[in-house]
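Letter by letter, the chains look like this.
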Amino acid sequence: MSKIDWIKKEIEGLQNAGLYTNIRTLGSAQGAWLMVDGKKVLNFCSNNYLGLANHPRIAAAAKAAIDEYGVGPGAVRTIAGTMDLHIKLEQRLAEFKKVEAALTFQSGFNANTATIPALVGKGDVIFSDRLNHASIIDGCRLSGAKIKAYEHNSAESLEEMLKEHLSEYKRALVVTDGVFSMDGDVAPLDKLFEVTKKYDVLLMVDDAHGEGVLGHGGRGIVDHFGLHGKVDVEIGTMSKAFGVVGGIVAGKQVIIDWLKQRGRPFLFSSAMTIPDAGACLAAVDLLEESTELVDKLWDNAKYFKTEMKTLGFDTGHSETPITPVMLGEATLAQGFSKALYEAGVFGTAIAFPTVPQGTARIRVMISAAHETEDLDKGLEIFAEVGKKMGVI
Ligand SMILES: *Cc1c(COP(=O)(O)O)cnc(C)c1O
């Protein structure tokens, strides 16, 4: 037995259970249609909600930024200095989100692993929604604080836990996803805020799937609930609706100042690249100029979801453009995804451990890049495959 044989066995086990992820190769830019493994298919997979990933203005801004500043930031910001481009982006993001200050990271994942351990540590407690994203969970683990999971989207469950356990710890943080990425449901942030206010504990929301989607013109979940100035920390990503890549922390100035001193991915990892920063600035400009793309995204999502329900599909309880098509067993979801691809739709199967066992699904991501004809084509193929496989 070689020392890596166990890995081969594990992989075989995943393959047999229908849980092994085969990554498709894209031969074209992001958009409504994609070349996937050499075949042109309708794109129902990306988080490119607003179609900005290949938007001419965003691409031009990235090129212009390269012309002025080059490509790389040089080193970590605390050592090599910080470019005015990044500072400008952070100021624009803070204005856009109506917060005191914002800080950027290479990714949303990094933003979570920077922020949580900077706010709580050993002897402290984190109350975390049971279905929070992996990057929140990892941030919580890295912090060394005690983690207590409350029932999904339940302010009542959170309050019970606070009542029972808060006094045992020094400090506390409540953390939730804004939009839950696998089901598309939205955290009851107004109710969570009331509870955290009553118990005087920090509230943090990770709005990765709400950034550019929820709220006025895509200003996110805090705007959606009208909670400006009340949520202590908002995490966001520029890797989804913004169409680029990067993470954001937005909130009170003192928290941003603290992250620049104690956020490890800020102190020990370089800044976003220059084309990313330039492109993100252009994305903020676009969103501030018009709500057209956000409105189109929601119109498309409503249309697609209504038609899917009429066809007889179970689309769960999504409140956002994320449209889970519930199938159950992982092997069924994988077979369904394969049949969709053959018929011309790119829709990946999502199974355990990304979602609980027995709740495998195809997660359809609707975007503003889709036209009604595209959605109709997708519906036609879903109906065809769904009937063939006995799902509807
Ligand atoms: C996608 C996602 C992230 C990670 O964002 P990246 O910028 O891709 O690293 C973090 N949190 C949540 C809730 C997400 O959905």
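Residues numbered from 1 in each chain as written. Predicted model: local features only at pLDDT ≥ 70, side-chain atom pairs only at ≥ 80, totals over all residues. Heavy atoms only, no water.

K.L.:
Before we go on, may I ask you to explain the UniProt feature "domain: Aminotransferase class I/classII large" (unreviewed entry) in the chain in this structure?
P.N.:
The UniProt feature table records "domain: Aminotransferase class I/classII large" (unreviewed entry) at residues 39-380. Annotation note: span residues 39-380, helix share 45%, strand share 17%, distance between end C-alpha atoms 19 Å. (UniProt positions renumbered as here; feature names shortened; annotations may be inferred. Helix = DSSP H or I, 4+ residues; strand = E, 2+ residues; numbered from the N terminus.)

K.L.:
Help me out: how do you make sense of the nonpolar core in this one?
P.N.:
Grouped burial of nonpolar side chains is what soluble globular proteins tend to show. Counting 66 residues, the largest nonpolar core has L89 and F127 as the members making the most contacts within it. Of the residues forming this core, the biggest block, ten residues, is contributed by helix α12 (residues 274-289). Residue-level mapping places this core at the junction of two domains, with at least three residues from each of domain 1 (15-44 + 291-388) and domain 2 (56-289). With residues near it in sequence (within four places) discarded, L89 still touches T104, M238, M272, A277, C280, L281 and V284. (Core = buried A, V, L, I, M, F, W, Y, C linked by side-chain atoms within 4.5 Å. Buried < 20%, exposed > 50% of the residue type's maximum accessible area, 1.4 Å probe, protein only. Domains from an automatic or database assignment. Contact = heavy atoms within 4.5 Å.)

K.L.:
Which parts of the structure should I look at to understand the sheet that holds strand β3 (residues 101-105)?
P.N.:
Backbone-to-backbone hydrogen bonds join strands into a sheet, with any given pair of strands oriented parallel or antiparallel. Spatially, β3-β9-β8-β7-β6-β4-β5 is the arrangement adopted by the seven strands of the open sheet, whose pairing is mixed. A single partner strand is all that each edge strand has here, and the edge strands are β3 and β5 (146-150). For this sheet, the mean inter-axis angle between neighbouring strands, taken without regard to orientation, is 20 degrees. The strands that helix α6 (residues 134-143) touches are β4 (125-129), β5, β6 (172-177) and β7 (202-206); relative to β6, the one it contacts most, it runs at about 160 degrees. (Pairing = 2+ DSSP bridges. Axes fitted to C-alpha atoms, helices over the stretch in contact; angles between N-to-C directions.)

K.L.:
Please clarify how the domain arrangement of the chain should be interpreted in this entry.
P.N.:
For interface size, the figure often reported is the accessible area lost on association. What the domain assignment lists for the chain is domain 1 (15-44 + 291-388) and domain 2 (56-289). If you average the C-alpha positions of domain 1 and of domain 2, the two centres end up 27 Å apart. Facing 17 residues of domain 1, the contacting portion of domain 2 comprises 16 residues. Carbon and sulfur atoms supply 65% of the area buried between domain 1 and domain 2, which totals about 1300 Å² over both sides. It is T291, V294 and I322 that lose the most area in domain 1 upon contact with domain 2, and together they represent 31% of the buried surface on that side. Between the two partners, domain 1 and domain 2, sit one salt bridge. (Buried area = accessible area lost by both parts, 1.4 Å probe. Salt bridge = Lys/Arg side-chain N within 4 Å of Asp/Glu carboxyl O.)

K.L.:
I'm lost on a negative patch on the surface in this one. Help?
P.N.:
Residues E156, E160, E164 and E168 make up a contiguous surface patch of negative charge. Checked against the element boundaries, E160 lands in helix α7 (residues 155-165). On the basis of relative accessible area, E160 is assigned to the exposed category, the value being 56%. (Patch = residues over 30% accessible without salt bridge, like charges linked within 9 Å, V, L, I, M, F, W, Y side chains within 5 Å. Areas by Shrake-Rupley, 256 points an atom, 1.4 Å probe, with all protein chains shown as cover. Lys, Arg positive; Asp, Glu negative; His and termini not counted. Charge placed at Lys NZ, Arg CZ, Asp CG, Glu CD.)

K.L.:
Teacher, can you tell me more about the packing of aromatic side chains here?
P.N.:
Any aromatic ring pair is given by two values, namely how distant the centres are and how the planes are angled relative to each other. A complete count under the given rule lists eight aromatic pairs for this structure. Note on F336 and F382: the rings are 5.8 Å apart at their centroids and 35 degrees apart in plane angle, and the pair reads as tilted. In this pair, F336 is assigned in helix α14 (residues 330-343) and F382 in helix α15 (residues 372-388), connecting sequence segments 46 residues apart. This pair shows no difference in class: F336 is buried, exactly as F382 is. A network of ring pairs unites the aromatic residues F44, F304, F313, F336 and F382 as a single cluster. (Phe/Tyr/Trp six-rings, centres within 6.5 Å; stacked < 30°, edge-to-face > 60°.)

K.L.:
How should the sheet that holds strand β2 (residues 39-43) be read in this particular structure?
P.N.:
Read from one edge to the other, the open sheet built from three strands follows the order β1-β2-β11, with strand pairing classed as mixed. A single partner strand is all that each edge strand has here, and the edge strands are β1 (33-36) and β11 (345-346). Taken together, the four bridges between β1 and β2 define a ladder with antiparallel strand orientation. Along β2, the bridge assignment pairs M35 with K40.

K.L.:
How do you make sense of the pairing of β5 when you look at a structure like this?
P.N.:
When a strand is regular, its side chains alternate between the sheet's two faces. Both β4 and β5 contribute to a ladder of five bridges, which runs parallel. Within the sheet, the bridge partner assigned to V125 lies in β5 and is K146. On the question of chirality, the crossover connecting β4 to the parallel β5 by way of α6 is right-handed. (Right-handed = clockwise from strand over helix to strand, strands pointing away.)

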